[in-house]
Amino acid sequence: MTGRNWRLVRADTDAVPSSARRFMARARQRKMRAALPWAIAAGVLLVAGGVAWLVYGTSVLGVREVKVVGVELLEPIQVEQAVAVPHGEPLARVDLGTVRTRVRALAPVDRVVVRRSWPSTLVVEVVERTPVAAVPQNGQFSVIDRAGVPFRQVKQAPQGLPLVRVDFPGPSDLNTASALTVLASLSEELREQVLAVSVPKPAQIRLELRKDRTVVWGDDTQSETKSQVATALLKKAGREIDVSAPSVVTIR
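Residues numbered from 1 in each chain as written. Predicted model: local features only at pLDDT ≥ 70, side-chain atom pairs only at ≥ 80, totals over all residues. Heavy atoms only, no water.

Across the chain, the average pLDDT comes to 87, with 78% of residues at or above 70. Low pLDDT (under 50) marks residues 6-13, which in the prediction has three contacts with non-local residues, meaning those over four places away or in another chain. Considering only residues more than four positions removed or in separate chains, one finds that residues 50-55, a stretch of pLDDT under 50, has seven contacts. (pLDDT = per-residue confidence, 0-100. Contact = heavy atoms within 4.5 Å.)

In the structure shown here, the tally under the stated rule is ten salt bridges. For Arg-111, the salt bridge goes to Asp-110, with nearest N and O atoms at 3.3 Å. Given the relative accessible area of 46%, Arg-111 is considered partly exposed. For the salt bridge of Glu-240 with Arg-252, the shortest nitrogen-to-oxygen distance reads 2.5 Å. With Glu-240 in strand 11 (residues 240-242) and Arg-252 in the segment after strand 12 (250-251), the pair connects residues that are twelve residues apart, well separated along the chain. The class of Arg-252 is exposed, set by a relative accessible area of 56%. Within the structure, one salt-bridge network assembled from shared partners comprises Asp-110, Arg-111, Arg-129, Asp-145 and Arg-146. (Salt bridge = Lys/Arg side-chain N within 4 Å of Asp/Glu carboxyl O. Buried < 20%, exposed > 50% of the residue type's maximum accessible area, 1.4 Å probe, protein only. Helix = DSSP H or I, 4+ residues; strand = E, 2+ residues; numbered from the N terminus.)

The element strand 8 (residues 194-198) is extensively covered by neighbouring structure, given that four of its five residues are classed as buried. Sheet analysis places strand 8 next to strand 9 (residues 205-209), joined by four bridges and oriented antiparallel. Looking at strand 9, one finds that Ala-196 is bridged to Glu-208. Hairpin connection, strand 8 to strand 9: the antiparallel pair is bridged by six residues. (Pairing = 2+ DSSP bridges.)

Okay, the environment of Lys-155 next. Relative to the helices and strands, Lys-155 resides in the loop between strand 6 (150-154) and strand 7 (163-165). With relative accessibility at 69%, the residue Lys-155 sits in the exposed group. In this structure, the C-alpha to C-alpha distance between Lys-155 and Asn-138, residues 17 residues apart in sequence, is 9.9 Å. Apart from residues lying up to four places away in sequence, Lys-155 is in contact with Gly-139, Gln-140 and Phe-141.

Looking now at helix 3 (residues 76-83). Taken together, the buried positions of helix 3 are occupied by Val-79, Ala-82 and Val-83. For helix 3, the arc enclosing every buried residue in end-on projection is 105°, short of the 170-degree limit, so these residues lie on one face. Lining the buried residues of helix 3 we find strand 1 (65-69), helix 4 (96-104) and strand 3 (121-128). Following helix 3 by one or two positions, Ala-84 adopts a phi angle in the positive range, close to 55°. (Arc of directions from axis to C-beta.)

Within the fold, Ala-107 resides in the loop between helix 4 and strand 2 (109-117). The exposure class assigned to Ala-107 is partly exposed, which follows from its relative accessible area of 38%. It is 7.7 Å that separates the C-alpha atoms of Ala-107 and Pro-150, two residues lying 43 residues apart in sequence.

Have a look at this one:
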């Protein structure tokens, strides 16, 4: 550009009023301010997408360990096998409800809590069933919990557990439920004497005690009262105590 042309352009620019120049500057600033939120939003979306892909779409935060807590009857490997989550599966994508259902299906498991422990651990907290009695069956013993659920088979009667003599142990069996109702009502002194609860029918409950003694219980109604009466009569002579009608007790 020649010196003359440059002077013409400079002259033209200088000819623009200062107020117009300020107006154009403010317009540019408004455009920049209007575009800024969109630029920030685009950046946030880009970062969020990257994080989501990292968490849900890769094995960077994948399962590296299954930590089993609270087992005694079960081996940790049994629980890990029930969990059945592939090594490296994104921890965020693990269906905790499904894992809980799988572990809950193990017979000794009463309750289970499954949670994520970042960055790469799946924690399985197990509460096992508490044994309250053992049922003789086919030369073995089926251990049941307070709900009557059989959850373990053993070859010998477990020490410290009374026997429950019923044909079909289970949570829906009336005879099993009656036996457990009676066991729950026993005083500590009477419980120490009980070897077995026999329930051929719901109204024919009998307690087999040490020293070849028997308590005729009848049905499972008024069990608290029957327990008190039977406990009071333990020191009396007689091999059979009948508390089926607790207001009219007989000893033979």
